[in-house]
2 protein chains.
Amino acid sequence: MKNVLVVKGHFIFTPTPDAYAVYENSCLVSVDGKIAGIYPSIPEKFKGCPVHDYGNRLVIPGFVDLHLHAAQFLQCGMGMTSKLLDWLGDYTFDLEREFQNRAFAREAYTCFAEKLVACGTLRACIFASSSTAGTQELFEVLKEKGIGAYVGKVNMDRNAPDFIIETTKASLMGTKYLIEKYQDEKRVKPIITPRFAPTSTEELLKGLGALAVKYHLPVQSHLSENLDEILWVRELFKGAENYSDVYFKNNLFGQTKTVMAHGIFLGEAERELVKKMDLMLAHCPDSNLNVRSGIMPVRTYLDMGLKIGLGSDIAGGHKIGLNEAMVRAIQLSKLLNLSNGKLKPLTVSEAFYMGTKSGGSFFGKTGSFEKDFWFDALVLEDDSMIAGRYSLEDRLEKFIYTGDDRNICARYVEGEKL
Amino acid sequence: MKNVLVVKGHFIFTPTPDAYAVYENSCLVSVDGKIAGIYPSIPEKFKGCPVHDYGNRLVIPGFVDLHLHAAQFLQCGMGMTSKLLDWLGDYTFDLEREFQNRAFAREAYTCFAEKLVACGTLRACIFASSSTAGTQELFEVLKEKGIGAYVGKVNMDRNAPDFIIETTKASLMGTKYLIEKYQDEKRVKPIITPRFAPTSTEELLKGLGALAVKYHLPVQSHLSENLDEILWVRELFKGAENYSDVYFKNNLFGQTKTVMAHGIFLGEAERELVKKMDLMLAHCPDSNLNVRSGIMPVRTYLDMGLKIGLGSDIAGGHKIGLNEAMVRAIQLSKLLNLSNGKLKPLTVSEAFYMGTKSGGSFFGKTGSFEKDFWFDALVLEDDSMIAGRYSLEDRLEKFIYTGDDRNICARYVEGEKL
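Residues numbered from 1 in each chain as written. Chains lettered and ligands numbered in written order. Predicted model: local features only at pLDDT ≥ 70, side-chain atom pairs only at ≥ 80, totals over all residues. Heavy atoms only, no water.

Q: Sorry, what's going on with the pairing of strand 6 (residues 121–127) of chain A here?
A: Residues in a regular strand point their side chains to alternate faces of the sheet. Residue and element names in this part refer to chain A. Burial analysis of strand 6 places seven of its seven residues in the buried class, the great majority of the element. Here strand 6 pairs with strand 7 (residues 148–152) via five bridges, running parallel. Looking across to strand 7, one finds that I126 is bridged to V151. The parallel pair strand 6 and strand 7 is bridged by helix 3 (residues 132–145), and the resulting crossover is right-handed. (Buried < 20%, exposed > 50% of the residue type's maximum accessible area, 1.4 Å probe, protein only. Helix = DSSP H or I, 4+ residues; strand = E, 2+ residues; numbered from the N terminus. Pairing = 2+ DSSP bridges. Right-handed = clockwise from strand over helix to strand, strands pointing away.)

Below is the structure:
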């Protein structure tokens, strides 16, 4: 007998960016964790199966965070007067060092994972630290939580303090160790994670690309976030045509499934390469503002057909709830629209799509309630004065703009209630 | 015997915008609600007085919100795809109508006041609705909460739906009724509140200005938020030199203490008038973004010596916690800096100053812990991993960026614990 679950409530999700699909007072059937369909009432053949009845509550896809640093969670919202490269030196590297201590790593990663899941993120692409042992703790903590994640040991072999870089060889060996240990895990899997070009030698990048190809692993890194960073990359990699090319020629740019954070200042050739290699870009609007990088031209990229999801970018971003990234993405798109009326602001459904189905596509079929998608879902609890008065779309918008972990009363991953 | 209270903890506040004053492990003494001083230990003459010991917690001034609409609280975070004038028509006016029902008003205003106080706002300039009876409910609800507030019945006699405007006479009479009923209240007092120029006849404005002068009452309204609105004002008030002049010549622009929300697009002459009349401007950054108005040139105004505080502008703004307005003010100032390097971004202490001492000056001596200021304070509870690791300034910055009502474990107004 298959594992069947019937969930009752109001279902709202975005099969396409331009509008919500809304199923009021309906029954979603999950079979072995995948969605069989949404029905007005329980179909005959599923009668007698377990039912979770959420009444007048909303059920939405779980959030997908395409870019965040677990080892920076404690420093969220600190040092926010610095620009990117200063901030790394003044705040971030010292903290990341501590993750070499397994006990510290377990405690800090537990805080992180609890808040992440509480706030509704059920799939995430996560940077750990350069410590192999510390990263192993993160794998273990996330496995216990039950969410889906790609977790990367952060590779660095130059241009950062001695106490957090490794030799090229040690960085590659630690990565290989974690790959072999976790590659067959069900939900928490390894991802190749050069921190970013400037902290990697060409040899390290080449070795990481080889691992990605050999083990068929996805890749995550940072791309073109800040103008100083871009100049630095140009100086360090004189043979490369541009920032993207540094990754591309080392098999780290779409040769396997790849997500790059930021990509704010991509030139024409780089945009075309992003498109051709089917890359996913992680838009991290709070981080763009906080470390004074710039604003990703989201509408322009969407019009070109680039794939964009959202990232909280903890701790360049300060809010771990992905709904906050949706709001800030909309707000920033409104600002771009104020200076150029042709760039239409993002609608709420577009931002929601980016944070659910679009980002979700990096993990397979998640982020929507279409047939055969994983049932990864959040159940929302809102105030009775709101629930009785407003439409389902308005209630969802209110949750996105003003809600937090207290408004999420249940979470499901692959049909299992967490 | 005077009413003495000793509070122990870490005190952090901004006597000036450029830096925090920090008193670690100290004792603040409040006498009859006013601060006598902050000492390394309890002075001899106060020994034996009641002590509230907060140990390793931070104690900061209460937040001051210079602009928000209590009658819009329920719709926070909805309709955020509309621009200002559409949004008023599609969402706001219908909701405001319901406040003619006293029972509804009491229920909705209670929700509002509970969240406002929970999030740390202890002084606020508040718009109610056009209903006199509904506004009376707001006075009563706020009195029960114990915070300080200026509360305005919203005056409108044209250019809004029939169901929420009044005749000029009724609008003035209702205002006078509330003034006489509440003018001698200790903390919750009336304020003259024309909604904004376009929904007022000249006769109404003249009548309101006369009430302000006669009863020595403060004034609040909206000013120059949106380019369409400015054109509309120009058309409606052909005799006025500019938007500010519409209020000025009716005794509503600094003749008594005045706070104007927004003031985004002030011309040179208007800026000078704002300065000359010693007006307070309420910067509402989330609202500026959400209803796509523009960005207040805060640094430019500060450099001119204009007085600026912060407003959540519920429900053009979606977050009622004033720390969120501090963050967004900083974020927007960083954006202005990206396009013009001469405009220095706001520092965290500047934003904190705007949301405490600067805004507080509208209420007298509050928003700082200097001698003779009211002891209006919040006690912050942070995580043990944070409290043990970071400086007091970092812990405050983290609260501002990531905290919410759950991080506030005590609130004091005029030396009384709420």
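Q: For this particular structure, what's the right way to read unusual backbone geometry?
A: Glycine aside, the phi torsion of most residues is negative, and most peptide linkages are trans. The step from I314 of chain A to A315 of chain A runs through a cis peptide bond, and the omega angle for that step is 5°. Within the fold, A315 of chain A resides in the loop between strand 12 (307–310) and helix 11 (322–339).

Q: Looking at this structure, how should I read the packing of aromatic side chains?
A: The way to describe two aromatic rings as a pair is by their centre distance and the angle between their planes. All chains considered together, the criterion is met by 36 aromatic pairs over all chains. Geometrically, the ring pair formed by F99 of chain A and Y109 of chain A is tilted, given 4.7 Å between the ring centres and 40° between the ring planes. On the criterion of sequence distance, the pair formed by F99 of chain A in the loop between helix 1 (84–97) and helix 2 (102–118) and Y109 of chain A in helix 2 is long-range, its members being 10 residues apart. By relative accessible area, which is 0% here, Y109 of chain A ends up buried. Centre to centre, the rings of F99 of chain B and F104 of chain B are 5.2 Å apart; their planes meet at 80°, and the pair counts as edge-to-face. As far as burial versus exposure is concerned, F99 of chain B and F104 of chain B are alike and both buried. Residue placement shows K34 of chain A over the ring face of W374 of chain A; its charged tip is 4.8 Å from the ring centre. Lying across the ring of F362 of chain A, K257 of chain A places its NZ or CZ 5.0 Å from the centre. (Phe/Tyr/Trp six-rings, centres within 6.5 Å; stacked < 30°, edge-to-face > 60°. Lys NZ or Arg CZ within 6 Å of the ring centre and 35° of its normal.)

Q: Got a minute to help me understand the sheet that holds strand 2 (residues 19–31) of chain B in this structure?
A: Note on sheets: strands pair through backbone hydrogen bonds, and any given pair is parallel or antiparallel. All names here are of chain B. Sheet architecture is open: seven strands sit in the order 3-2-1-4-13-14-15, paired in mixed fashion. Looking at strand neighbours, the two that pair on one side only are strand 3 (34–39) and strand 15 (416–417), the edges of this open sheet. Looking at chain direction, strand 2 and strand 3 are connected through five bridges and run antiparallel. The partner of C27 across the bridge, within strand 3, is Y39. Here helix 14 (residues 392–402) sits on the sheet and contacts strand 1 (4–16), strand 2, strand 4 (51–61), strand 13 (377–380) and strand 14 (408–413); the angle it forms with strand 4, its principal contact strand, is near 65°. (Contact = heavy atoms within 4.5 Å. Axes fitted to C-alpha atoms, helices over the stretch in contact; angles between N-to-C directions.)

Q: Even after reading the chapter, I still don't get the relation of the copies chain B and chain A, so can you show me in this structure?
A: Applying a rotation about an axis and a shift along it to one chain copy brings it onto the other copy. When chain B is fitted to chain A, the best match, at an RMSD of 0.0 Å, comes from turning it 180° and sliding it 0.0 Å along the axis. Read as a symmetry element, the transformation amounts to a two-fold axis. In this assembly the copies share their binding face: 100% of the residues contributing to the interface of chain B also contribute to that of chain A. (Least-squares fit on C-alpha atoms with pLDDT ≥ 70 in both.)

Q: Got a minute to help me understand the domain arrangement of chain A in this structure?
A: When the parts of a complex come together, some accessible area is lost, and that lost area is often used as the size of the interface. Residue and element names in this part refer to chain A. The assigned domain composition of chain A is domain 1 (4–62 + 368–417) and domain 2 (63–363). Between the C-alpha centres of domain 1 and domain 2 there is a distance of 29 Å. With 32 residues of domain 1 at the interface, the matching set in domain 2 holds 27 residues. Buried surface at the junction of domain 1 and domain 2, both sides included, amounts to about 2,300 Å², of which 59% is carbon and sulfur. (Domains from an automatic or database assignment. Buried area = accessible area lost by both parts, 1.4 Å probe.)

Q: Hey, could you run me through the pattern of salt bridges in this one?
A: Any two side chains of opposite charge can pair, on the condition that their charged atoms come close. On inspection of all chains with the given rule, the structure shows 60 salt bridges over all chains. With its nearest N and O atoms 2.7 Å apart, the salt bridge here joins K153 of chain A to E166 of chain A. With K153 of chain A in the loop between strand 7 and helix 4 (168–182) and E166 of chain A in the loop between strand 7 and helix 4, the pair connects residues that are 13 residues apart, well separated along the chain. With respect to burial, K153 of chain A and E166 of chain A carry one shared label: buried. Two residues, R187 of chain A and E414 of chain A, come together in a salt bridge whose shortest N-O distance is 3.2 Å. Of this pair, R187 of chain A sits in the loop between helix 4 and strand 8 (188–190) while E414 of chain A sits in the loop between strand 14 (408–413) and strand 15 (416–417), and the two are 227 residues apart along the sequence. One exposure class covers both R187 of chain A and E414 of chain A, and it is buried. Ionic contacts of the salt-bridge type, sharing partners, join the residues K115, D404, D405 and R406 of chain A together with K115, D404, D405 and R406 of chain B into one network. (Salt bridge = Lys/Arg side-chain N within 4 Å of Asp/Glu carboxyl O.)

Q: Honestly, the interface of chain B and chain A in this entry has me stumped. Any pointers?
A: Each partner contributes residues to the interface: chain B has 51 residues there, and chain A has 51 residues. Across the interface of chain B and chain A, roughly 4,300 Å² is buried in total on both sides, 56% from carbon and sulfur atoms. Counting across the chain B and chain A interface gives eight salt bridges. Across the salt bridge formed by D404 of chain A and R406 of chain B, the nearest N and O atoms sit 3.6 Å from each other. Viewed at the interface, chain A and chain B are joined by 26 residue pairs in polar contact (both at pLDDT 80 or more). The element that contributes the greatest number of residues to the side of chain B that touches chain A is helix 11 (residues 322–339) of chain B, accounting for nine residues. Its residues assigned to classes, the side of chain B that touches chain A shows 22 nonpolar, 12 polar and 17 charged. (Polar contact = N/O pair within 3.5 Å; in protein donor to acceptor, adjacent residues only side chain to side chain. Nonpolar A, V, L, I, M, F, W, Y, C, P; charged D, E, K, R; others polar.)

Q: What is the right way to look at helix 6 (residues 227–236) of chain B in this model?
A: Residues and elements named next belong to chain B. Those residues of helix 6 that fall on the buried side of the exposure criterion are E229, I230 and V233. For helix 6, the angular spread of buried residues about the axis comes to 100°, placing them on one side. Away from its buried face, by an angle of more than 90 degrees, helix 6 presents the exposed residues L227, R234 and E235. Where helix 6 is buried, its residues meet helix 1 (84–97) and helix 7 (243–248). Here helix 6 starts with a cap whose side-chain oxygen sits 2.8 Å from the backbone nitrogen of D228, and that cap is N226. (Arc of directions from axis to C-beta.)

Q: Please explain helix 12 (residues 348–360) of chain B as it appears in this structure.
A: Residues and elements named next belong to chain B. For helix 12, which comprises 13 residues, the first-to-last C-alpha distance of 17 Å matches the rise-based estimate of 18 Å (1.5 Å per residue) to within 8%. At M354, helix 12 is bent by approximately 45°, the largest bend along its length. Helix 12 sits mainly inside the fold: 12 of its 13 residues count as buried. (Expected span 1.5 Å × (residues − 1). Bend = angle between axes of the 7 residues up to and from the residue.)

Q: It is not clear to me how the packing of helix 11 of chain B against helix 12 of chain B should be interpreted in this structure. Could you clarify?
A: Residue and element names in this part refer to chain B. Contact pair helix 11 / helix 12: the axes reach a minimum separation of 9 Å and the direction vectors enclose 135°. Taken together, the axes of helix 11 and helix 12 are oblique relative to one another. For the pair helix 11 and helix 12, the sense of crossing is right-handed. On helix 12, the residues that touch L322, M326, A329 and I330 of helix 11 are V348, A351, F352, M354, G355 and T356. (Parallel < 35°, antiparallel > 145°, perpendicular 65-115°, else oblique. Left-handed = near helix turned anticlockwise from the far one by under 90°.)

Q: Mind showing me how you'd approach the environment of L223 of chain B here?
A: Residues and elements named next belong to chain B. The topology assignment puts L223 in strand 9 (residues 219–223). Separated by 55 residues in the primary sequence, L223 and T168 have C-alpha atoms spaced 21 Å apart. The contact partners of L223, leaving out residues within four places of it in the chain, are Y243, S244, Y247, F253, M260, A261, H262, G263, I264, L266 and E270.

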